[in-house]
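# Notes for the structure review
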Amino acid sequence: MICQECGKRPATLHFTKIVNGDKNEFHICENCAREKGEIIPGTSGGFSIHNLLSGLLDFEPSSISAAKSQAIRCENCGLTYSQFSKLGRFGCGSCYQSFSEKLDPLFKRVHGNTVHVGKVPKRSGGIIQCKREIDTLKKDMMTCIEAEEFEQAAKIRDQIRDIEKKIASL
């Protein structure tokens, strides 16, 4: 995508600005963003995504937690969580597992979940959506069974069967 301002350079910043309920989408290059004065809060005039991530990652509530974060180190590349939070990027693929204790709450806060579920197109994703609904209902049914709510579990079982019949007819 080309910058909407200069029309010359590739747009590297894509953001949405909402002012008084009016939504405006911008796709601009870094140079034009600096000229317009659009800055990312918490950065020193720069637009690095690493700086943005670093700001998100720097949310240690206490000095004890901060000291513990410095002790967490990737066994593969040697990067510490403290270094990662400053850089905003991993040193290797093993960092995900090494820092998972710290990343899971962050992912939950930012994305609302720790597992990527993706999106399903409405036109062609009918079967996939049905299967996801079945998976959710099966989890609910197991919860009801564990709580000995057998009548509710039977209702959910019937819903699952109805959806399975719907899939079979597609």
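In this text, all values refer to a predicted model and were calculated from it rather than measured experimentally. Counting of residues starts from 1 at the beginning of each chain's written sequence and follows it residue by residue. At least 70 in pLDDT is required for a residue's local features to be given in this predicted model, at least 80 for side-chain atom pairs to be given and counted, and no such filter applies to totals for whole chains, interfaces and linings, which use all residues. Each side-chain value is worked out from all heavy atoms of the structure, with water and hydrogens disregarded.

This brings us to the environment of Ile-167. Here Ile-167 lies in helix H8 (residues 150-169). Sequence separation between Ile-167 and Gly-126 is 41 residues; the distance between their C-alpha atoms is 8.6 Å. Throughout, a contact is declared for two residues whenever any of their heavy atoms are within 4.5 Å. Not counting chain neighbours up to four residues away, the residues in contact with Ile-167 comprise Ile-127, Cys-130, Lys-131 and Ile-134. Helical segments are the DSSP runs of H or I of at least four residues, strand segments are the runs of E of at least two, and each set is numbered from the N terminus.

Another point: the confidence of the model for the protein chain. Confidence per residue, as judged by the predictor, is encoded in pLDDT with a range of 0 to 100. Chain-level pLDDT for the protein chain is 76 on average; 75% of the residues reach the 70-or-more range. Of all secondary-structure elements in the protein chain, the lowest mean pLDDT belongs to helix H3 (residues 63-71), at 51, while H8 reaches the highest, 92. Every residue in residues 59-66 scores below 50 in pLDDT, and together they form eight contacts with partners more than four places removed in sequence or on other chains.

So, about the pairing of strand S1 (residues 13-19). Should DSSP find at least two bridges between two strands, the strands are taken to pair. Where S1 meets strand S2 (residues 22-28), seven bridges bridge the pair, whose relative direction is antiparallel. By the bridge assignment, Leu-13 is partnered in S2 with Ile-28.

With that settled, the discussion passes to unusual backbone geometry. Unlike most non-glycine residues, Glu-148 shows phi in positive territory, near 60°. Locating Glu-148 in the fold gives a position in the loop between helix H7 (126-146) and H8. Exposure remark for Glu-148: the relative accessible area of 61% places this residue in the exposed category. With a 1.4 Å probe rolled over the protein chains alone, any residue whose accessible area is under 20% of its type maximum counts as buried; one over 50% counts as exposed, and the rest are partly exposed.

The description of an aromatic ring pair rests on the distance of the ring centres and on the angle between the ring planes. Two rings belonging to Phe, Tyr or Trp (six-membered ring only in the last case) form a pair when the distance between their centres is within 6.5 Å. Interplanar angles under 30 degrees mark stacking, angles over 60 mark edge-to-face geometry, and anything in between is tilted. According to the stated counting rule, one finds three aromatic pairs in the structure shown. Seen from their ring centres, Tyr-81 and Phe-99 are 5.6 Å apart, and the 75° between their planes marks the pair as edge-to-face. Residue Tyr-81 is located in helix H4 (residues 81-87), and its partner Phe-99 is located in the loop between helix H5 (95-98) and helix H6 (100-111); the two are separated by 18 residues in the primary sequence. Assigned by exposure class, Tyr-81 and Phe-99 land together as buried.

With that settled, the discussion passes to the pattern of salt bridges. For this analysis, a salt bridge means a side-chain nitrogen from Lys or Arg found within 4 Å of a carboxyl oxygen belonging to Asp or Glu. For the structure on display, the rule yields two salt bridges. Glu-25 is the partner of Lys-23 in a salt bridge, and the nearest nitrogen-oxygen pair spans 4.0 Å. For Lys-23, a relative accessible area of 56% puts it in the exposed group. The partner of Arg-157 in a salt bridge is Asp-158, with the nearest N and O atoms 3.2 Å apart. For Arg-157, a relative accessible area of 34% puts it in the partly exposed group.

Time to look at H6. Within H6, burial applies to Lys-102, Leu-103 and Leu-106. Buried residues in H6, looked at end-on, bunch into an arc of 90°, giving them a common side. Two residues or fewer past H6, Gly-112 is found with a positive phi of approximately 85°. This arc describes the spread of directions from the helix axis toward the C-beta atoms.

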